[in-house]
Amino acid sequence: MPRLSSKTSFSVILTVLLVVLSAISIMSCAQEEEVSEKIGVVVTILPQAEFVENVGGERVNITVMVPPGANIHIYEPSPSQMTALAKAEMYAKVGSGIEFELVWTDKLIAANKDMLVVDCSQGIELQVMIGEYEHEGEHEEEEPEHGGMDPHVWMSPLNAQIMVRNICDGLIQVDPDSKTYYEQNRDAYLQKLAELDQDIRDGLSGVTNRKFMVYHPAFGYFAREYKLTMLPIEEEGKEPTAAGLAHLIEQAKEHEIKVIFAEPQFNPQSAEVIAEAIGGRVVFIDPLARDYIANLRMLLDELVQAME
Ligand SMILES: [Zn+2]
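Just so we're clear, the structure is a prediction, and the values are computed from it rather than from any experiment.

(A) Seen up close, the sheet that holds strand β5 (residues 211–214). In spatial order, the strands read β6-β5-β7-β8; together these four strands make up an open sheet with parallel pairing. At either end of the open sheet lies a strand with only one pairing partner, and these are β6 (229–232) and β8 (281–284). Across the sheet, the mean angle separating the axes of adjacent strands is 35 degrees when strand polarity is ignored. Note: β5 against β6, four bridges, orientation parallel. Counted as the bridge partner of Lys211 is Thr229 from β6.

Right under this line is the structure:
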């Protein structure tokens, strides 16, 4: 290697130093931009936050409208949620007719006319509420909860895949520069959802008694997808009457039900009454839990045990 003159070597060192310094300053600049330029995304429920996080990763800042433990049917947004909404670039609504959105979506859109509104249920075929469907003939005069259609679309992993695709399309629309990043994340999460779906099919394949009892009928899409029969305790969003309760106990005995599923957002008293009468137990499953895949795996385990 030829010896460089001291002048040349000094200028080489200086050049290297400048390159290194400018690289460092670009890197720290990029880090600052990442913090300040995150995409503000508002969602209605926690499972959607999980979907957005899995697709958006470090690029998104998520605000959930209905917080943990709150009842999706009656919740009202707080001032701090409205502030986050005013700054958001995208609102991902569930879009399936849940009460929160029926009451609030127009008001949220009016508070931030520039944000993109993504309908997560676009492409999902809405189904009739199972409890209401079964009691249709008896309660024709009553206005059914949810307008007759079942809003709990996310409880089927196949519907969750559609929701994830819709969320990804929305993120690409508001942040096209990160398209590849979003698509890679989306595909990785879709793969996990496909594995979940397959594991549920495998797990339930040997189950012969495919009936399960729940307090609030949030598992309709899950039940239809996996050919299970959901027996809801709640009727038209109301506690059962004494006669209704007696009928449910008979039904539970007849179908050899051992587990009654209750949700933390609802009073478990009638579920406990039925469980006691049949010598079974109450298991709490939260359809609004954030960790979607782990939650459905827990539901699967409980169902397999309950239906043995
Ligand atoms: Zn519900």
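(B) Region of the structure containing the sheet that holds strand β1 (residues 39–43). Spatially, the four strands line up as an open sheet ordered β2-β1-β3-β4, and their pairing is parallel. Where the open sheet ends on each side, the last strands, each with one partner, are β2 (60–64) and β4 (116–119). When strand polarity is set aside, the average angle formed by the axes of neighbouring strands in this sheet is 25 degrees. Alignment of strand β3 (residues 90–93) against β4, held across four bridges, turns out to be parallel. Of the residues in β4, the one forming a bridge with Tyr91 is Val117. Each of β1, β3 and β4 touches helix α6 (residues 157–174); the most contacted strand, β4, lies at about 165 degrees to it.

(C) The arrangement of the nonpolar core in detail. One finds Val41, Val43, Val52, Val55, Ala92, Ile167 and Phe261 to be the most contacted residues of the largest nonpolar core, which totals 78 residues. For this core, the leading source of residues is α6, giving six residues. Looking at this core, you find at least three residues from each of domain 1 (37–199) and domain 2 (205–307). Excluding anything up to four places from it in sequence, Val43 contacts Gln48, Ala49, Val52, Ile62, Val64, Met65 and Ala92.

(D) Structural context of the pairing of strand β7 (residues 259–262). What you see with β7 is no split at all: Val259 and Phe261 on one side and Ile260 and Ala262 on the other are buried throughout. Summarising the sheet, β5 and β7 pair through two bridges and their orientation is parallel. Paired with Val214 across the two strands is Phe261, which belongs to β7. Of the strand pairs in this sheet, β7 and β8 are connected by four bridges, and their pairing is parallel. Residue pairing across strands places Val259 opposite Arg281, the latter belonging to β8. A crossover links β7 with its parallel partner β8, the connecting element being helix α10 (residues 269–278), and its sense is right-handed.

(E) Quick look at the packing of α6 against helix α7 (residues 179–204). The interhelical angle for the contact between α6 and α7, taken along N-to-C directions, is 175 degrees, at an axis separation of 10 Å. As far as their axial angle goes, α7 and α6 are roughly antiparallel. Touching Pro157, Leu158, Ala160, Gln161, Val164, Arg165, Cys168, Leu171 and Ile172 of α6 are Lys179, Tyr182, Glu183, Arg186, Tyr189, Leu190, Leu193, Leu196 and Asp197, all from α7. Residue classes in the contact of α6 with α7 are distributed as twelve nonpolar, one polar and five charged.

(F) Fine view of the environment of Pro240. Considering the arrangement of structural elements, one finds Pro240 in the loop between β6 and α9 (242–254). A residue is classified by how many C-beta atoms lie within 10 Å of it, and Pro240, with 18 of them, is partly exposed. With residues up to four places along the chain from it excluded, the contact list for Pro240 reads Ile233, Glu235, Leu245, Leu248 and Ser270.

(G) The arrangement of α9 in detail. The end-to-end C-alpha distance of α9 is 18 Å, a good match for the 18 Å that 13 residues give at a rise of 1.5 Å each. Phi turns positive, to about 55 degrees, at Glu256, one or two residues after α9.

(H) Spatial organisation of the pairing of β1. The pairing of β1 with β2 spans five bridges and is classified as parallel. Paired with Ile39 across the bridge in β2 is Val60. Of the crossover connections in this fold, the one passing from β1 over helix α2 (residues 46–56) to the parallel β2 is right-handed. Pairing analysis gives three bridges linking β1 to β3, with the strands arranged parallel. Looking across to β3, one finds that Val43 is bridged to Ala92.

Conventions and cut-offs
- All residue numbers refer to position in the chain's written sequence, counted from 1.
- Per-residue local features are limited, in this predicted model, to residues with pLDDT of at least 70; the limit for side-chain atom pairs, both in listing and counting, is 80 or more; totals at the level of whole chains, interfaces and linings are taken over all residues.
- Criterion used throughout: strands pair if DSSP finds at least two bridges between them.
- To qualify as a helix, a DSSP run of H or I must reach at least 4 residues; to qualify as a strand, a run of E must reach at least 2; elements of each kind are numbered from the N terminus.
- Axis definition: a line fit to C-alpha positions, over the contact stretch in the case of helices; interaxial angles, taken between N-to-C directions, run 0 to 180 degrees.
- Residue pairs qualify as contacts under a 7 Å threshold applied to their C-beta atoms, which are placed from the backbone.
- Joining buried Ala, Val, Leu, Ile, Met, Phe, Trp, Tyr and Cys residues through C-beta atoms within 7 Å gives a set, and that set is a nonpolar core.
- Working definition of burial: number of other C-beta atoms within 10 Å of the residue's own, with buried at 20 or more, exposed at 12 or fewer, and partly exposed in between, all C-beta atoms being placed from the backbone.
- Each domain's extent was defined by an automatic or database domain assignment.
- Orient the strands so they point away from the viewer, and a crossover whose first-strand-to-second-strand path over the helix runs clockwise is right-handed.
- In what follows, roughly perpendicular refers to angles from 65 to 115 degrees, roughly parallel to angles under 35, roughly antiparallel to angles over 145, and oblique to any angle outside these ranges.
- The classification used treats Ala, Val, Leu, Ile, Met, Phe, Trp, Tyr, Cys and Pro as nonpolar, Asp, Glu, Lys and Arg as charged, and all other residues, Gly among them, as polar.
- Each helix should span, by expectation, one fewer than its residue count multiplied by 1.5 Å.

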